[in-house]
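Chain by chain, the residues:
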Amino acid sequence: MTPGNDKKARRPNGTGSIYQRGLTWWVKYSCNGKIYRQSSESGTKWKAERLLKAKLGELATQTFVEPKFDKTLVSELAEDMLRDYQVNGKRSIADAKIRWTKHLEPVFGHMRAANVATDQVNKYIEQRQTEGAANATINRELAALKRMFSLGMQCTKVVRRPHFPHLKENNTRKGFLEDAQFDALRAECSKVGLWLRAMLEVGGTFAWRKSELENLRVNQVDLIAGTVRLEPGETKNDEGRTAIMPSTVRLLLEPCIVGKKPEDLVFTREDGSRIQDFRKTWNTACSAAKVPGLLFHDLRRTGVRNMIRAGIPERVAMTISGHKTRSILDRYNIVSTQDLKVAARRMEEAAIVATQEVAAQKQKTEADGHSLGTIAPLRALAVIRTLPC
């Protein structure tokens, strides 16, 4: 049954066997007619017994993984994940590489995937929190690790995926611009150049992302039809979008594309060079406009809020901005102090009208000799509902 001078301990049929080869104990078992021999990597017999018991348990629960995959390292799963990102052309591959090499690999890279349990994941969370990482950042890192195990299970390189906790994210940004602040920022961006002034207007009008504007081409702007479009595959959700240009956007985009070829970028510096990192310029303009710390991405909140305030239906606003779900749109549709003041003024006006209606109704009922009853409150409610928004 075993070559040479192997010493074997007999067991009942169908329960595998253990035997010694040199000083190391080995186990033998079969699956679907195929014989497997696996080293316990120990000279202790009870460790071989424990390994055999574990393998028989996997066979019984149909979670068996071949021994060659039982030694799969997390680093191998990471390679498979990055290859999957590359093959499928995912734009987040650069971020995935950074998360793996800078944070995940030092902790998990040397570990066998089979040995990664929720306990190790929780220790990693504690470590990253101690380092000052935000919960949202840790969640993205764990999502990458979870993806590795999911792909590994598809390829039968691992049999299980540990539980990955999802941390509460309370660092959602709430920045947006009031009308007066937007006007001040317009003035400061105009001092920098047409490109920044135009990007500000388009971003704040359509709630488009910075990357979508940076890659916008001349052939995507149609001055005759008055439209500007994002091509499928160039947006975060890979879906194309088209928007009608209001006059302010059109007046700014037209000089941005004059004299350029169809494949040229719309937004370029005065010398025609590509706009890449303009954070320093943006921060300087924001500080001068007295809105320090504002991100260009915050224009998405401003754009969504302005569209909703203008009476644009939510479905149309989502089509323009590219939001896929109502919950995400609600996060961006921020209510400002000015909105609350307007609401308070309208409620006050409604209360005055309602009081006047009640007084008039009371006079009428007294004159007619009838009881006021519930007519006045109902009438007041009807008046409130008819007030303009």
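All values derive from a computational prediction rather than experimental measurement.

The rules we used
Residues numbered from 1 in each chain as written. Predicted model: local features only at pLDDT ≥ 70, side-chain atom pairs only at ≥ 80, totals over all residues. Heavy atoms only, no water. Core = buried A, V, L, I, M, F, W, Y, C linked by side-chain atoms within 4.5 Å. Buried < 20%, exposed > 50% of the residue type's maximum accessible area, 1.4 Å probe, protein only. Helix = DSSP H or I, 4+ residues; strand = E, 2+ residues; numbered from the N terminus. Contact = heavy atoms within 4.5 Å. Pairing = 2+ DSSP bridges. Expected span 1.5 Å × (residues − 1). Salt bridge = Lys/Arg side-chain N within 4 Å of Asp/Glu carboxyl O. 1 Å grid on protein atoms, 1.4 Å probe; cavity = no way out; pocket = protein on both sides within 12 Å on 5 of 7 lines; lining within 4 Å. Points joined across faces, edges and corners; volume = space filled by probe spheres on them.

Q: Tell me about the nonpolar core, residues and numbers included.
A: Residues L185, W208, V221, V266, F267 and W282 are the most contacted members of the largest nonpolar core, which totals 43 residues. Elements that contribute at least two residues to this core include exactly α7 (179–192), α8 (194–206), β6 (227–230), α10 (247–257), α11 (279–288), α12 (298–309) and α13 (314–321). Per element, the largest residue contribution to this core is 7 residues, and it comes from α8. Not counting the four nearest positions on each side in its chain, V221 is found in contact with L216, T227, V228, M245, L253, I257 and V266. L77, M111, V121 and A133 belong to the second largest nonpolar core, which has 28 residues in total.

Q: Which residues make up the pairing of strand β4 (residues 34–39), and what values do they have?
A: Of the strand pairs in this sheet, strand β3 (residues 24–31) and β4 are connected by 6 bridges, and their pairing is antiparallel. Within β4, the position partnered with V27 by the bridge is Q38. A loop of 2 residues connects β3 with β4, the two strands running antiparallel in sequence, and N32 in this loop sits at a positive phi of about 55°.

Q: Hey, could you go over unusual backbone geometry for me, with residue numbers and the actual values?
A: In this structure, E41 is a non-glycine residue whose phi angle is positive, near 55°. By secondary structure assignment, the location of E41 is in the loop between β4 and α1 (45–61). Phi at K290 is positive, roughly 65°, even though this residue is not glycine. You can call K290 exposed: its relative accessible area is 68%.

Q: Before we move on, could you go through helix α3 (residues 74–87) and cite the residues and values that matter?
A: Between the first and last C-alpha of α3 there are 20 Å, a value that for 14 residues agrees with the 20 Å anticipated at 1.5 Å per step. For α3, the complete set of buried residues consists of V74, S75, L77, A78, D80, M81, L82, D84 and Y85. Residues of α3 that are buried make contact with α4 (93–108) and α6 (135–154). Where α3 terminates, the next one or two residues include G89, which has phi positive at roughly 60°.

Q: Account for the sheet that holds strand β5 (residues 221–222), with residues named and values stated.
A: Pairing is antiparallel across the open sheet formed by 3 strands, whose spatial order is β5-β6-β7. The sheet terminates laterally at β5 and β7 (241–244), the two strands that pair on one side only. Where β5 meets β6, 2 bridges bridge the pair, whose relative direction is antiparallel. Looking at β6, one finds that V221 is bridged to V228.

Q: Quick rundown of the pattern of salt bridges? Include the residues and the values.
A: Across all of its chains, the model carries 18 salt bridges by this definition. D84 is paired through a salt bridge with R147; the nearest N and O atoms lie 3.3 Å apart. One end of the pair, D84, is in helix α3; the other, R147, is in helix α6, and 63 residues separate them in sequence. For D84, a relative accessible area of 17% translates into the label buried. Note that R186 and D183 form a salt bridge whose closest N and O atoms lie 2.6 Å from each other. Here R186 and its partner D183 are both found in helix α7, 3 residues apart, which amounts to about one turn of the helix. Judged by relative accessible area, D183 falls into the partly exposed class, the value being 46%. Through salt bridges with shared partners, a single ionic network connects D183, R186, R197 and E201.

Q: Could you give an account of α8, naming the residues involved and the relevant values?
A: If you check α8, its first and last C-alpha atoms are 18 Å apart, about what 13 residues at 1.5 Å a residue would give, namely 18 Å. For α8, the buried fraction is high: 11 of the 13 residues fall into the buried class. Turning to α8, its buried residues are W195, L196, R197, A198, M199, L200, E201, V202, G203, G204 and F206. Once α8 finishes, A207 follows within two positions and takes phi at roughly 60°, a positive value.

Q: Describe the layout of surface pockets, and please don't skip the residues or the numbers.
A: Reported here for the second largest pocket is a volume of approximately 570 Å³. If you trace the second largest pocket, you find 24 residues lining it, with Q38, L51, D70, R112 and N115 closest to the centre. Broken down by secondary-structure element, the contributors of at least two residues to the lining of the second largest pocket are β4, α1 and α2 (67–70). No other element matches α1, which puts 6 residues into the lining of the second largest pocket.

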